[in-house]
Amino acid sequence: MRIGRRKFLAAGAATAASAQQPVVRLGIVGAGGRGTGLLRLLLRMEQVAVPALCDIRKENLERAAGFVTASGRAIPELYSGEEDYLRLAARDDVDAVIIATPWEWHARMAVAAMRAGKYAGVEVPAAITLEECWELVQVHEETGVPCMMLENWSFLRPNLAVLKMIRAGLFGEIVHCHCAHSHNCLYWYFDPEGNPRWSGLHLARRNADQYPTHSLGPVLSWMNINCGDAFASLTSTATRSLGINHYFRKKFGPDHPSAKRRWKQADIVTSVVRTALGNTIVINNDMQLPRPYDNRWMIQGTEGLYDEARNAVYLSGRSPKYEQWKPFKPYQAQYDHIWWRRLEENVPDIGQGATDYLELKLFVEAVAARGPTPLDVYDSVTMSAVIAVSEQSIAAGSAPMPFPDFTRGRWRARKPTFAVEG
Ligand SMILES: NC(=O)c1ccc[n+]([C@@H]2O[C@H](COP(=O)([O-])OP(=O)(O)OC[C@H]3O[C@@H](n4cnc5c(N)ncnc54)[C@H](O)[C@@H]3O)[C@@H](O)[C@H]2O)c1
């Protein structure tokens, strides 16, 4: 079904249960590790109904259905066919579709949701090829239906405080940023016997920054990407691929298939983005070597910088002594974002998963209001397109590759909307 942009926005709020909290009816596609985690957080929101669930693995589907009924909600309709997401999206009693399936399914599932007039909330990355990125943009523009990639690190409490500090001018004019996804994910790419899961198979097929969105989540808003500036070109350089073979050789011996297989994926990919204004962003992808988790966010301007790893800032004229770091903590308190203050007031026991809860709550509120989502389709595809463009650059011996302008020049006039406090 295709609907025009105006018709979609005029369709009004989702079914009203109460004046304050209209019910938002969600269909969930993909009830594995992440989909189940998202579902359990969504079930904590009174205004959320879950009339339909879809997963090709019956045990995952039934486990998810169990969480829905245990929350006191009606038994959802269950779909288990590979293409059943189409039937779920077509239901009249669904306002939005949450997608937490393997990467290769994301774009087509989000497209199906938008074409059926349902908000798409799609896990990271939103797409894995440039064709898919453009299709998401085109279908969004045709239908007027929002599509938001569920990039949780855009909503992390310190990252939002840093955004407010940038907007308050504390760092002066921004020129440079660093970010990383340094996270040993072999446990996620492989099963306990060392066989690649669907995710691990991507490591055999491609050499790229295959998971750039957690690094870039906060960076897009920090640097006004797609609203004042834009990614212009990208250069990527890859190391050798040693980590996977080394790990499985040590664990299972030299004859284990994963110890012998040739993995295309480099251990570490370092990309440099040059923006249209002439700023730079370094992005590290580092997911197969043994190491603690690290994002190494750093943002620097003409008046100073924020360094996440040091949990510190340096502000020219405000830091105690020339060239000395200052703790970030007091700034975090002073520039705390209203989203987080509201969350603490309204859901004081949220505990672990607070960032994911906040992200989902904002998505649900956008659906209820028939309004824009906090991250839009342009943010979603810009972060995701780093996969394909980094792959091109590595294959071309680290040559700079032009970065697609998904806004088609509108980034010059677009104003920042993400996390703007009213
Ligand atoms: N934002 C985060 O912090 C975060 C964390 C973990 C995973 N993720 C993302 O979430 C997504 C899912 O990851 P996961 O760890 O849950 O993987 P998973 O393998 O545990 O779950 C994927 C689920 O999708 C189902 N599935 C596969 N094809 C399907 C189809 N055609 N229709 C319906 N269901 C289908 C599988 O049966 C499985 O239950 C990935 O994109 C991953 O990158 C994000």
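Structure shown above.
Keep in mind it's a predicted model, so treat the numbers as computed, not measured. (Residues numbered from 1 in each chain as written. Predicted model: local features only at pLDDT ≥ 70, side-chain atom pairs only at ≥ 80, totals over all residues. Heavy atoms only, no water.)

Caption draft 1: Molecular detail of the sheet that holds strand 5 (residues 119-122). The parallel open sheet is built from six strands, whose spatial order is 3-2-1-4-5-6. The open sheet terminates on both sides in strands that have one partner only, identified here as strand 3 (77-79) and strand 6 (147-149). Along the sheet, successive strands turn relative to each other by an average axial angle of 25°, direction set aside. As defined by bridge partners, strand 2 (residues 48-54) adjoins strand 3 across three bridges and the pair is classed as parallel. Residue pairing for strand 3: Leu53 is matched across the bridge by Leu78. Set on the sheet, helix 15 (residues 354-369) makes contact with strand 1 (24-29), strand 2, strand 4 (96-99), strand 5 and strand 6; between it and strand 5 the angle comes to about 170°. (Pairing = 2+ DSSP bridges. Helix = DSSP H or I, 4+ residues; strand = E, 2+ residues; numbered from the N terminus. Axes fitted to C-alpha atoms, helices over the stretch in contact; angles between N-to-C directions. Contact = heavy atoms within 4.5 Å.)

Caption draft 2: Focus on the pattern of salt bridges. Taken as a whole and judged by the stated rule, the model has 20 salt bridges. For the salt bridge of Glu123 with Arg34, the shortest nitrogen-to-oxygen distance reads 2.8 Å. Remark: Arg34 occurs in helix 2 (residues 33-42) and Glu123 occurs in the loop between strand 5 and helix 6 (130-143); sequence separation between them is 89 residues. Among the ionic pairs, Arg87 bridges to Asp84, the shortest N-O distance being 3.0 Å. Taken together, the shared-partner salt bridges in this structure form one network comprising Asp286, Arg291, Asp294 and Arg296. (Salt bridge = Lys/Arg side-chain N within 4 Å of Asp/Glu carboxyl O.)

Caption draft 3: The site of the ligand, seen in detail. As a structural note, the neighbourhood of the ligand is formed by 27 residues, with Arg34, Asp55, Asn60, Trp188 and Arg197 the closest of them. In the environment of the ligand, an oxygen atom lies 3.4 Å from a nitrogen or oxygen atom belonging to the backbone of Gly32. Trp198 is positioned with one of its side-chain polar atoms (N or O) 2.8 Å from an oxygen atom of the ligand. Here the ligand has 840 Å² of accessible area as a free molecule, and 89% of this is covered by the chains. Take the shell around the ligand: its biggest share by element is four residues, from helix 5 (residues 103-115). Of the residues assigned to the shell around the ligand, the class counts are 13 nonpolar, eight polar and six charged. (Near = heavy atom within 4 Å. Polar contact = N/O pair within 3.5 Å; in protein donor to acceptor, adjacent residues only side chain to side chain. Areas by Shrake-Rupley, 256 points an atom, 1.4 Å probe, with all protein chains shown as cover. Nonpolar A, V, L, I, M, F, W, Y, C, P; charged D, E, K, R; others polar.)

Caption draft 4: How the structure looks around helix 6. For helix 6, which comprises 14 residues, the first-to-last C-alpha distance of 20 Å matches the rise-based estimate of 20 Å (1.5 Å per residue) to within 8%. Residues of helix 6 that are buried include every one of Leu130, Glu132, Cys133, Leu136, Val137, Val139, His140 and Thr143, and no others. (Expected span 1.5 Å × (residues − 1). Buried < 20%, exposed > 50% of the residue type's maximum accessible area, 1.4 Å probe, protein only.)

Caption draft 5: Highlighting the environment of Leu186. Residue placement: Leu186 occurs in helix 8 (residues 186-189). Along the backbone, Leu186 and Ile244 are 58 residues apart, and their C-alpha atoms lie at a distance of 7.8 Å. Those residues in contact with Leu186 that lie beyond four places of it in its chain are Ile244, Tyr247, Met287 and Gln288.

Function cannot be read off these values alone, since they describe shape.
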